[in-house]
Amino acid sequence: MNKNCLLCGVGGQGVVLASKLIAYAAMDKGLDVRTTETIGMAQRGGSVVSHVRMGKHIHSPLIPFGCADVILAFEPAEAVRNLPYLREGGVVVVNKKAVKPVTATLSGSSYDGKEMLRYLEEHVSRLCIVDGTELCSKAGSAKVLNVALLGVAVTSRALDITLSDMEAEIQKRVKPQFVAMNLKALSLGAEAAR
């Protein structure tokens, strides 16, 4: 059965690496995989969206609206912006910490993500709100948010990728000095999902 995962966040959060880890795990299981990214204008702070499609006979890298099995959102507003991609009964894993856009900072408006989280609670039946800041603190670095969220998503069982599959990819694809920290983040994310 084909699976679709849409990852979204802002520049610098590790969206692209997380999508590559999912894609490699699926390829190692013998699945066809297609991916594509849309990266915002700013290196840090611009919207980043990555589509990962896996299964048999995948022809297009773009997930059609209403077909994502999982939306893995690193930021609440990005989750809401990409919600039209979610299929009925799909899973949304979202980091609760908001990243204030440059426009909000310049205009002096307040944005803390709470309104976006309320919207998600009202419109998503399978929602997992994650305290990414806490998980990163326990893992020892803010740079492992992407892997902590992967731990939550994999534990949801919506992707047909196991924790063991993801651990193997981290060991193969992450620089050796960062493997232990990322494995810890993956484990912490999996515990948070239970």
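These figures come from a predicted structure and were not determined experimentally.

A. The overall build of the chain, seen in detail. Along its length, the chain carries eight helices and six strands. For a compact globule of 194 residues, the expected C-alpha radius of gyration is about 16 Å, and the chain comes in at 16 Å, within 12% of that figure. By its C-alpha atoms, the chain is 50 × 40 × 35 Å across when sized along the principal axes. Relative to its 194 residues, the chain shows a buried fraction of 47%. Sequence-distant contacts in the chain: of pairs separated by 6 or more residues, those separated by 24 or more amount to 63%. Entry remark: accessible area of the chain is about 9800 Å², with carbon and sulfur atoms responsible for 53%.

B. A look at the packing of helix α1 (residues 15–28) against helix α7 (residues 163–173). Put simply, α1 and α7 touch, their axes get as near as 9 Å, and they point 110° apart. By the angle between their directions, the pair α1 and α7 is classed as roughly perpendicular. Once α1 is placed against α7, the crossing between them reads as right-handed. Contacts between α1 and α7 involve Leu21, Ile22, Tyr24, Ala25 and Asp28 from the former and Asp165, Met166, Glu169, Ile170, Lys172 and Arg173 from the latter. Split into classes, the residues belonging to the contact of α1 with α7 amount to six nonpolar, no polar and five charged.

C. Representation of the pattern of salt bridges within the structure. Under the counting rule described, the total for this entry stands at nine salt bridges. With a closest N to O distance of 4.0 Å, Lys114 and Asp112 form a salt bridge. For Glu169, the salt bridge identified is with Arg173, shortest N-O distance 3.0 Å. Of this pair, Glu169 and Arg173 both sit in helix α7, four residues apart, which is roughly one turn of the helix. Overall, the relative accessible area of 2% leaves Glu169 in the buried class.

D. Up close: the sheet that holds strand β4 (residues 68–73). Taken together, six strands build an open sheet; the order of strands is β2-β3-β1-β4-β5-β6 and the sheet is mixed. Because the sheet does not close on itself, it has two edges, and the strands there are β2 (32–39) and β6 (126–130). Pairwise comparison of adjacent strand axes, ignoring direction, gives a mean angle of 15° for this sheet. Across the sheet, α1 is in contact with β1 (3–10), β2 and β3 (47–55); its angle to β3 comes to roughly 5°. Where helix α6 (residues 145–155) meets the sheet, it contacts β4, β5 (86–95) and β6, and its direction lies at approximately 140° from that of β5.

E. Geometry of the environment of Asp160. Mapped onto the elements, Asp160 comes out in the loop between α6 and α7. In this structure, Asp160 is in contact with Lys3 and Lys29, ignoring residues within four places of it in sequence.

F. Broad picture of the confidence of the model for the chain. Confidence in the prediction for the chain averages 93 pLDDT; 94% of positions are at 70 or higher. Here helix α3 (residues 102–107) stands out as the element of the chain with the lowest mean pLDDT, 65, in contrast to β4, whose mean of 98 is the highest.

G. Geometry of unusual backbone geometry. The backbone of His57 sits at a positive phi, close to 60°, despite the residue not being glycine. Here the phi dihedral of Arg157 falls at roughly 65°; this positive angle occurs in a residue that is not glycine. Within the secondary structure, Arg157 sits in the loop between α6 and α7. Overall, the relative accessible area of 71% leaves Arg157 in the exposed class.

How each quantity is defined
- Residues numbered from 1 in each chain as written.
- Predicted model: local features only at pLDDT ≥ 70, side-chain atom pairs only at ≥ 80, totals over all residues.
- Heavy atoms only, no water.
- Helix = DSSP H or I, 4+ residues; strand = E, 2+ residues; numbered from the N terminus.
- Rg over C-alpha atoms; globule rule 2.2 N^0.38 Å.
- Buried < 20%, exposed > 50% of the residue type's maximum accessible area, 1.4 Å probe, protein only.
- Contact = heavy atoms within 4.5 Å.
- Areas by Shrake-Rupley, 256 points an atom, 1.4 Å probe, with all protein chains shown as cover.
- Axes fitted to C-alpha atoms, helices over the stretch in contact; angles between N-to-C directions.
- Parallel < 35°, antiparallel > 145°, perpendicular 65-115°, else oblique.
- Left-handed = near helix turned anticlockwise from the far one by under 90°.
- Nonpolar A, V, L, I, M, F, W, Y, C, P; charged D, E, K, R; others polar.
- Salt bridge = Lys/Arg side-chain N within 4 Å of Asp/Glu carboxyl O.
- Pairing = 2+ DSSP bridges.
- pLDDT = per-residue confidence, 0-100.

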